[in-house]
Amino acid sequence: MDELKETIAKNLVELRTQARLTQLQLAEKLNYSDKAVSKWERGEAIPDIRVLIKLAEIYNITVDDILTDSAAKKVKPKMHIGKKRVLITLLSVGLACFVATVIFMIVFFIPQTAQYAYLVYICLPFACSVVLMVFSVKWGNWITNIVASSLLVWTSAVIFQVFVNEFTADFDKMYFMYIVAGSFEILIILWFTLRKLYKRKK
(Lines give C-alpha, C1' and ligand atoms only; values in the text may rest on other atoms or scores of the structure.)
Protein backbone atom coordinates (compact mmCIF):
# COMPACT_ATOMS: atom_id res chain seq x y z
CA MET A 1 0.00 0.00 0.00
CA ASP A 2 2.84 2.40 0.86
CA GLU A 3 4.45 1.71 -2.50
CA LEU A 4 1.15 2.48 -4.28
CA LYS A 5 0.82 5.75 -2.36
CA GLU A 6 4.33 6.75 -3.39
CA THR A 7 3.68 5.89 -7.03
CA ILE A 8 0.42 7.85 -7.13
CA ALA A 9 2.00 10.79 -5.31
CA LYS A 10 4.94 10.93 -7.70
CA ASN A 11 2.70 10.73 -10.76
CA LEU A 12 0.29 13.38 -9.48
CA VAL A 13 3.14 15.82 -8.86
CA GLU A 14 4.68 15.28 -12.31
CA LEU A 15 1.36 15.36 -14.15
CA ARG A 16 0.27 18.57 -12.42
CA THR A 17 3.65 20.15 -13.15
CA GLN A 18 3.46 19.19 -16.84
CA ALA A 19 -0.06 20.63 -17.02
CA ARG A 20 1.23 23.85 -15.43
CA LEU A 21 -1.37 23.81 -12.69
CA THR A 22 -0.92 24.91 -9.09
CA GLN A 23 -2.31 22.78 -6.29
CA LEU A 24 -5.02 25.39 -5.77
CA GLN A 25 -6.02 25.41 -9.44
CA LEU A 26 -6.23 21.62 -9.51
CA ALA A 27 -8.22 21.64 -6.27
CA GLU A 28 -10.76 24.03 -7.81
CA LYS A 29 -11.20 21.74 -10.80
CA LEU A 30 -11.83 18.80 -8.46
CA ASN A 31 -13.98 20.75 -5.96
CA TYR A 32 -11.55 19.79 -3.20
CA SER A 33 -9.26 21.84 -1.00
CA ASP A 34 -5.62 22.43 -1.89
CA LYS A 35 -4.78 20.72 1.41
CA ALA A 36 -6.29 17.49 0.09
CA VAL A 37 -4.24 17.78 -3.11
CA SER A 38 -1.13 18.38 -1.03
CA LYS A 39 -1.79 15.22 1.02
CA TRP A 40 -2.17 13.14 -2.14
CA GLU A 41 1.08 14.49 -3.55
CA ARG A 42 2.96 13.83 -0.31
CA GLY A 43 1.66 10.26 -0.24
CA GLU A 44 -0.26 10.76 2.99
CA ALA A 45 -3.57 9.77 1.39
CA ILE A 46 -4.93 8.22 -1.81
CA PRO A 47 -7.68 9.93 -3.85
CA ASP A 48 -10.93 7.96 -4.05
CA ILE A 49 -11.99 6.40 -7.34
CA ARG A 50 -14.18 9.35 -8.36
CA VAL A 51 -11.26 11.73 -7.95
CA LEU A 52 -8.95 9.41 -9.86
CA ILE A 53 -11.44 9.31 -12.75
CA LYS A 54 -11.69 13.10 -12.72
CA LEU A 55 -7.89 13.44 -12.66
CA ALA A 56 -7.64 11.07 -15.62
CA GLU A 57 -10.10 13.27 -17.54
CA ILE A 58 -8.19 16.44 -16.70
CA TYR A 59 -4.86 14.97 -17.82
CA ASN A 60 -6.29 13.05 -20.79
CA ILE A 61 -5.03 9.71 -19.49
CA THR A 62 -6.46 6.53 -17.94
CA VAL A 63 -6.76 5.76 -14.23
CA ASP A 64 -4.26 2.92 -14.74
CA ASP A 65 -1.71 5.48 -15.95
CA ILE A 66 -1.93 7.25 -12.59
CA LEU A 67 -1.44 3.99 -10.69
CA THR A 68 1.65 2.75 -12.57
CA ASP A 69 5.28 3.79 -12.49
CA SER A 70 5.42 4.47 -16.22
CA ALA A 71 2.69 7.11 -16.19
CA ALA A 72 4.88 10.19 -15.88
CA LYS A 73 7.14 9.03 -18.71
CA LYS A 74 4.57 8.14 -21.34
CA VAL A 75 1.66 10.46 -20.55
CA LYS A 76 1.34 13.99 -21.84
CA PRO A 77 -1.52 15.85 -20.18
CA LYS A 78 -3.78 18.19 -22.08
CA MET A 79 -1.76 21.36 -22.09
CA HIS A 80 -4.23 23.47 -24.05
CA ILE A 81 -7.56 22.44 -22.54
CA GLY A 82 -8.05 25.99 -21.23
CA LYS A 83 -7.57 27.42 -24.73
CA LYS A 84 -10.09 24.96 -26.16
CA ARG A 85 -12.66 25.97 -23.58
CA VAL A 86 -12.10 29.65 -24.28
CA LEU A 87 -12.51 28.96 -28.00
CA ILE A 88 -15.75 27.04 -27.44
CA THR A 89 -17.07 29.88 -25.26
CA LEU A 90 -16.16 32.51 -27.86
CA LEU A 91 -17.76 30.48 -30.65
CA SER A 92 -20.95 30.21 -28.59
CA VAL A 93 -20.97 33.96 -28.00
CA GLY A 94 -20.37 34.47 -31.73
CA LEU A 95 -23.33 32.22 -32.49
CA ALA A 96 -25.50 34.32 -30.18
CA CYS A 97 -24.38 37.45 -32.05
CA PHE A 98 -25.19 35.80 -35.39
CA VAL A 99 -28.68 34.82 -34.22
CA ALA A 100 -29.24 38.36 -32.92
CA THR A 101 -28.21 39.79 -36.30
CA VAL A 102 -30.64 37.50 -38.13
CA ILE A 103 -33.46 38.54 -35.79
CA PHE A 104 -32.49 42.20 -36.20
CA MET A 105 -32.66 41.93 -40.00
CA ILE A 106 -36.08 40.27 -39.86
CA VAL A 107 -37.49 42.86 -37.47
CA PHE A 108 -35.86 45.77 -39.30
CA PHE A 109 -37.41 44.90 -42.66
CA ILE A 110 -40.93 44.68 -41.25
CA PRO A 111 -42.29 48.25 -41.40
CA GLN A 112 -44.42 47.88 -38.27
CA THR A 113 -41.48 46.80 -36.10
CA ALA A 114 -38.51 48.51 -37.78
CA GLN A 115 -38.25 51.25 -35.16
CA TYR A 116 -37.79 48.64 -32.43
CA ALA A 117 -35.15 46.57 -34.23
CA TYR A 118 -32.33 48.11 -32.18
CA LEU A 119 -33.79 46.45 -29.06
CA VAL A 120 -32.44 43.13 -30.34
CA TYR A 121 -28.89 44.37 -29.77
CA ILE A 122 -29.88 45.82 -26.41
CA CYS A 123 -30.84 42.27 -25.37
CA LEU A 124 -27.73 40.70 -26.92
CA PRO A 125 -25.39 41.36 -23.94
CA PHE A 126 -27.86 39.54 -21.68
CA ALA A 127 -27.90 36.53 -24.03
CA CYS A 128 -24.08 36.51 -24.10
CA SER A 129 -24.07 36.71 -20.30
CA VAL A 130 -26.28 33.61 -20.13
CA VAL A 131 -23.83 31.75 -22.41
CA LEU A 132 -20.88 32.84 -20.27
CA MET A 133 -22.72 31.81 -17.10
CA VAL A 134 -23.38 28.31 -18.45
CA PHE A 135 -19.73 27.73 -19.37
CA SER A 136 -18.51 29.37 -16.18
CA VAL A 137 -20.57 26.97 -14.06
CA LYS A 138 -19.23 24.04 -16.09
CA TRP A 139 -15.57 25.02 -16.46
CA GLY A 140 -14.87 28.22 -14.57
CA ASN A 141 -13.90 29.12 -11.02
CA TRP A 142 -15.39 31.38 -8.37
CA ILE A 143 -14.06 34.56 -10.05
CA THR A 144 -15.56 33.75 -13.46
CA ASN A 145 -18.82 32.83 -11.72
CA ILE A 146 -18.90 36.23 -10.03
CA VAL A 147 -18.17 38.02 -13.31
CA ALA A 148 -20.79 36.06 -15.29
CA SER A 149 -23.45 36.51 -12.58
CA SER A 150 -22.69 40.22 -12.33
CA LEU A 151 -23.05 40.61 -16.10
CA LEU A 152 -26.47 38.93 -15.91
CA VAL A 153 -27.61 41.34 -13.21
CA TRP A 154 -26.39 44.56 -14.81
CA THR A 155 -27.43 43.70 -18.37
CA SER A 156 -30.90 42.89 -17.00
CA ALA A 157 -31.00 46.32 -15.36
CA VAL A 158 -29.96 48.08 -18.57
CA ILE A 159 -32.53 46.15 -20.64
CA PHE A 160 -35.25 47.05 -18.14
CA GLN A 161 -34.32 50.74 -18.33
CA VAL A 162 -34.23 50.84 -22.12
CA PHE A 163 -37.58 49.06 -22.48
CA VAL A 164 -39.20 51.27 -19.86
CA ASN A 165 -37.88 54.41 -21.54
CA GLU A 166 -39.07 53.16 -24.93
CA PHE A 167 -42.58 52.17 -23.94
CA THR A 168 -43.31 54.25 -20.81
CA ALA A 169 -42.73 57.97 -20.66
CA ASP A 170 -43.82 58.64 -17.07
CA PHE A 171 -41.58 56.28 -15.10
CA ASP A 172 -39.05 58.46 -13.27
CA LYS A 173 -37.83 56.16 -10.50
CA MET A 174 -35.38 54.13 -12.55
CA TYR A 175 -32.70 54.51 -9.91
CA PHE A 176 -34.56 51.92 -7.80
CA MET A 177 -33.65 49.28 -10.40
CA TYR A 178 -29.96 50.04 -9.97
CA ILE A 179 -30.27 49.93 -6.19
CA VAL A 180 -31.76 46.44 -6.53
CA ALA A 181 -29.01 45.45 -9.00
CA GLY A 182 -26.37 46.73 -6.59
CA SER A 183 -27.89 44.67 -3.77
CA PHE A 184 -27.79 41.56 -5.95
CA GLU A 185 -24.16 42.32 -6.81
CA ILE A 186 -23.22 42.34 -3.13
CA LEU A 187 -25.08 39.05 -2.58
CA ILE A 188 -23.32 37.46 -5.57
CA ILE A 189 -19.87 38.43 -4.30
CA LEU A 190 -20.64 37.22 -0.78
CA TRP A 191 -22.16 33.93 -2.00
CA PHE A 192 -19.28 32.86 -4.22
CA THR A 193 -16.64 34.10 -1.77
CA LEU A 194 -18.19 32.16 1.11
CA ARG A 195 -18.45 29.04 -1.08
CA LYS A 196 -14.77 29.42 -1.93
CA LEU A 197 -13.79 29.72 1.73
CA TYR A 198 -15.98 26.76 2.68
CA LYS A 199 -14.31 24.53 0.06
CA ARG A 200 -10.86 25.50 1.32
CA LYS A 201 -11.79 24.31 4.83
CA LYS A 202 -12.86 20.85 3.60
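Preceding this section is the structure that the text describes.
For the structure given in this document, a descriptive report is provided here. Note that the structure is predicted; figures quoted are calculated from it, not measured. (Residues numbered from 1 in each chain as written. Predicted model: local features only at pLDDT ≥ 70, side-chain atom pairs only at ≥ 80, totals over all residues. Heavy atoms only, no water.)

## Things to note about the overall build of the protein
- Helix and strand counts for the protein come out as ten helices and zero strands.
- Element order for the protein, N to C, with α for helix and β for strand: α-α-α-α-α-α-α-α-α-α.
- A globule of 202 residues ought to have a C-alpha radius of gyration of about 17 Å, yet the protein, at 24 Å, is considerably larger.
- Considering only C-alpha atoms, the protein reaches an extent of 75 × 35 × 20 Å along its principal axes. (Helix = DSSP H or I, 4+ residues; strand = E, 2+ residues; numbered from the N terminus. Rg over C-alpha atoms; globule rule 2.2 N^0.38 Å.)

## A short note on the packing of helix H8 (residues 119–139) against helix H9 (residues 142–167)
- Between H8 and H9, whose axes approach to 9 Å, the crossing angle comes to 160°. By the criterion of interaxial angle, the relationship of H8 to H9 is roughly antiparallel. Along this stretch, H8 crosses H9, giving a crossing that reads as left-handed. In this structure, H8 contributes Leu119, Ile122, Cys123, Pro125, Phe126, Ser129, Val130, Leu132, Met133, Ser136 and Val137 to the contact, and H9 contributes Thr144, Asn145, Ala148, Ser149, Leu151, Leu152, Thr155, Ser156, Ile159, Val162, Phe163 and Phe167. (Axes fitted to C-alpha atoms, helices over the stretch in contact; angles between N-to-C directions. Parallel < 35°, antiparallel > 145°, perpendicular 65-115°, else oblique. Left-handed = near helix turned anticlockwise from the far one by under 90°. Contact = heavy atoms within 4.5 Å.)

## Considering a negative patch on the surface
- There is a patch of like negative charges on the surface, built from Asp2, Glu3, Glu6 and Asp69.
- Here aspartate 2 is to be found in helix H1 (residues 2–18).
- By relative accessible area, which is 56% here, aspartate 2 ends up exposed. (Patch = residues over 30% accessible without salt bridge, like charges linked within 9 Å, V, L, I, M, F, W, Y side chains within 5 Å. Areas by Shrake-Rupley, 256 points an atom, 1.4 Å probe, with all protein chains shown as cover. Salt bridge = Lys/Arg side-chain N within 4 Å of Asp/Glu carboxyl O. Lys, Arg positive; Asp, Glu negative; His and termini not counted. Charge placed at Lys NZ, Arg CZ, Asp CG, Glu CD. Buried < 20%, exposed > 50% of the residue type's maximum accessible area, 1.4 Å probe, protein only.)

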